[in-house]
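Single-letter residue listing:
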Amino acid sequence: SASRVALPMGLGCSAVQDRDLCCHFLDGRSHGPYASQECTPARSGTHFVGGGAATVCQPSCWAAGACGEGRAQAARSGFCERPAVAPLPKAALVAQEGARVQVGDRLRFYIVGSSNAAWQTWPDQMHSMLKRIGYDVRLPGTDILGEAPGPFGRRTPKCADAAAYETLRTPRLGMQGWSTWG
């Protein structure tokens, strides 16, 4: 479950209304039997019985009948094929009135810096977060000597959420000695 991300704001798996996206999350509740359970999708063409009408995503223990009011539903449980970056469910997003860039708008950015820009994962994490909250992120590539599509050879230490951004191409240019330190 290292590649899964907990649903924000204490949301449970049933807040996810897309089978494919279900596989990317952990239940966001912080206590009780569902806390941090992997979300399990319903098989295509069906939904889970109980837990609300047309529920297509539930905590794994609930779908197995091992916690809460769930009952074993193996015949209704689907399998996970995670997308590279799963957008958050609409219930987890808040529109900001007067924002200059609206969710769904196209964003572009390019990282230029000292050696940390080439080695650290923060540009990839930012890229992933922007996609998860619904922005259309398209990053330019160039033919600049030394440009890297991600951390050098992906040889950097890996964070627990690395699978959420490792497949992204986040161009950056960073060279030793480019820092502003005299």
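Residues numbered from 1 in each chain as written. Predicted model: local features only at pLDDT ≥ 70, side-chain atom pairs only at ≥ 80, totals over all residues. Heavy atoms only, no water.

**Describing the environment of V56**
And step 1. Looking at where V56 falls in the secondary structure, it is placed in the loop between strand 3 (39-41) and strand 4 (57-59).
And step 2. Since its relative accessible area comes to 9%, V56 is described here as buried.
And step 3. In this view, V56 contacts V16, Q17, D18, R19, T40, P41, A42, T46, H47 and F48; residues no more than four positions away in its chain are not counted. (Helix = DSSP H or I, 4+ residues; strand = E, 2+ residues; numbered from the N terminus. Buried < 20%, exposed > 50% of the residue type's maximum accessible area, 1.4 Å probe, protein only. Contact = heavy atoms within 4.5 Å.)

**Observations concerning the nonpolar core**
And step 1. Residues L7, V16, F25, C39 and C57 are the most contacted members of the largest nonpolar core, which totals 13 residues.
And step 2. For C39, the residues in contact, after removing those within four places along its chain, are R4, L7, C13, C22, C23, F25, L26, D27, C57, Q58 and C80. (Core = buried A, V, L, I, M, F, W, Y, C linked by side-chain atoms within 4.5 Å.)

**Digging into the state of the cysteines**
And step 1. This structure, assessed with the given rule, holds four disulfides.
And step 2. Between the sulfur atoms of C22 and its disulfide mate C57 the distance is 2.1 Å. The chirality of the disulfide connecting C22 with C57 is right-handed, given an S-S dihedral of about 80°. Linking C22 in helix 1 (residues 19-22) with C57 in strand 4, this pair joins segments that are 35 residues apart in sequence. With respect to class, C22 is no different from C57; both count as buried. (Disulfide = S-S within 2.5 Å.)

**Considerations on the side chain of H127**
And step 1. Among the secondary structure elements, H127 is positioned in helix 4 (residues 122-132).
And step 2. Once residues lying within four places of it in the same chain are set aside, the contact partners of H127 are F109, V137, L139, L168, R169 and T170.

**Focus: the environment of A42**
And step 1. Topologically, A42 is positioned in the loop between strand 3 and strand 4.
And step 2. By relative accessible area, A42 is classed as buried at 3%.
And step 3. With 20 residues separating them along the chain, A42 and C22 place their C-alpha atoms 9.1 Å apart.
And step 4. Among residues more than four places away in sequence, those in contact with A42 are R19, H47, F48, T55, V56, R76, S77 and G78.

**A few points about the pattern of salt bridges**
And step 1. Applying the stated criterion across every chain yields a total of four salt bridges.
And step 2. A salt bridge links D27 to R29, with the shortest nitrogen-to-oxygen separation between them at 2.8 Å.
And step 3. Classification of R29 by relative accessible area gives partly exposed; the value is 28%.
And step 4. Residue R138 is joined to D136 by a salt bridge in which the shortest nitrogen-to-oxygen separation is 3.1 Å.
And step 5. Given a relative accessible area of 26%, D136 falls into the partly exposed group. (Salt bridge = Lys/Arg side-chain N within 4 Å of Asp/Glu carboxyl O.)

Read these as layout, nothing more, since geometry by itself doesn't imply function.
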